[in-house]
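# Descriptive structure summary
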Amino acid sequence: MAEVSSTVRAGFPKPRRAIEEMAAYVPPTSNRVGKLRLDFNENTVGCSPRVAAALERLATREFLSTYPEYQEARRKIGKFFGMGPAQVLFSDGTDEAIHLLCSTYVEPGDEVVMPWPAFPMFRFYVQVAGGEPRRIPYRAPDLEFPLQELLEAVTLQTRLILVANPNNPTGGAIGLPEIEQILQRAEHAAVLIDEAYFEFCGVTALELVPKYPNLFVSRTFSKAFGLAGLRVGCLLSQAENIAAVHKGQSPYSVNSIGVLCASEAVEDQEYVRAYVRDVLEAREILLAGLMELGVHFYPTRANFVLADFGGRSDAVCQRLRERGILVRDRSGELPGTVRITIGTKSQVGRLLVALREVLAE
C-alpha cells in the first residue's frame, strides 16, 4: 500500500476549497427555554390557537406515516400571496430558498451582490456555492440603504443580488421604486427580495413579479406567524423560474406538519394582525424608552431595533440574560450594537425596566 502524505490525514476526504475557507455559522440557540426571547426576532407569544387545534385534530398516525403532499397547500398559500400554485415553492425556512437560488444560478467564481451587514445566510450560501460575495456597506452614519453603490457594483459577472427588505440586522427598508431600479439594472441576474419581516413593514415586491422575470420574493412563517420551530418558508416568482429552482430541491424538504400548520396559519389573519398591531405599538414605546435612556438606535421598519451601546454591548447582553431576557449582540458586524426583538407592550415594559437597571450599574 502506498504511504499517505504527511500533509493529508489518513481516512479523511478533502473538502472543497470553498468549504475549507469559510467560517462555520453557529447560532447561539441554547438555554433559551423559559426566558424572554428578544434575540431571534421570533413571534414572542406563539402561533394562532387555530394552528394548534388543527395540529391536534389532523396530525394522526396515518398522517405522520405518509410523505408530504404539497398540491393543495400550494393552491391555498399561493392564493394568499396572490400567486398561482406553479409560482410557489415551499422551502425549509427562507434559508433553503437562498441555498436553492445559489445552487441554481451561481457558478464557482460568480459575483453575488448584497448590501452589508445583512442576513448571515446570504454570504454563507454564496460561499457554499463557491461564489464571490460582493458586500456593499450600508451608509454611515444612519445605515441608509446604499442604492447607488449597489447599482454601480452590478456587472455582467453578477449572477445574483440578495436584498432583505426590511433588512436584518439594521431594520431599515426600501420602497418599490428602489427595488425596480435594482431589477432594471440587473436584467441578466436573479434578484431576491427577502421579505421575512413584511408584516411589520407593509412594503412587498410581490406585485412586481408579473413585470420582472428576474424577480424572486421569499416569505417565512417563522416571524409574525409564530412557526419558527417548523421551518416553513416560500419562494415566489414566475412559474418558469420556480420550475428551474425546483429541479435542484429535495422532493420532501418541507415536512407535512409544517405544511399543515402554514396552511392553517394563513386562515387566521385576525390573529396575526392583532399581534402585529401590538408589536408596532410596542415599537414606539421601546424607541421612546431608548431615547429617554440616551441609547442611540437606527431607524427600523421591522419587529426589532438595532441599538448602539458602545463598549458596553457585551455587558448589556450578559446582564439582561442574568435577568432572564435574551437580546442579540451584533458587535461583530457593527461594533457596539445589540439587536433587540420587539415583543408585546408588556414585554417591552419588562425590558425597559431591566435595561434601566443594567445601565445604572
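Up top is the structure.
Below is a summary of the structure that appears in this document.

Conventions adopted
Residues numbered from 1 in each chain as written. Predicted model: local features only at pLDDT ≥ 70, side-chain atom pairs only at ≥ 80, totals over all residues. Heavy atoms only, no water. Pairing = 2+ DSSP bridges. Helix = DSSP H or I, 4+ residues; strand = E, 2+ residues; numbered from the N terminus. Axes fitted to C-alpha atoms, helices over the stretch in contact; angles between N-to-C directions. Phe/Tyr/Trp six-rings, centres within 6.5 Å; stacked < 30°, edge-to-face > 60°. Buried < 20%, exposed > 50% of the residue type's maximum accessible area, 1.4 Å probe, protein only. Lys NZ or Arg CZ within 6 Å of the ring centre and 35° of its normal.

This paragraph deals with the sheet that holds strand β4 (residues 132-137). Taken together, seven strands build an open sheet; the order of strands is β2-β8-β7-β6-β5-β3-β4 and the sheet is mixed. What marks the edges here is a single partner per strand, and that holds for β2 (88-92) and β4. Averaged over all pairs of adjacent strands, the angle between their axes in this sheet comes to 25°, without regard to strand direction. Pairing analysis gives three bridges linking strand β3 (residues 111-116) to strand β5 (residues 158-164), with the strands arranged parallel.

What follows is about unusual backbone geometry. Cis peptide bonds are those with omega within 30 degrees of zero, and the linkage from A140 to P141 qualifies with 5°. Residue P169 is bonded to the preceding N168 through a cis peptide linkage, with omega at 20°. Looking at the element boundaries, P169 is found in the loop between β5 and α8 (176-185). One non-glycine residue, N41, lies in the positive phi region at around 60°.

So, on to the packing of aromatic side chains. Applying the stated criterion across every chain yields a total of 10 aromatic pairs. On the basis of an interplanar angle of 65° and a centroid distance of 5.0 Å, the ring pair of F80 and F81 is categorised as edge-to-face. With a centroid separation of 5.0 Å and an interplanar angle of 85°, the aromatic rings of F124 and Y125 are classed as edge-to-face. On the basis of relative accessibility, which here comes to 13%, the residue Y125 falls in the buried class. One aromatic cluster in this structure is built from F80, F81, F221 and F225. For the cation-ring pair, R135 lies above W116, with the distance from its terminal atom to the ring centre recorded as 5.4 Å.

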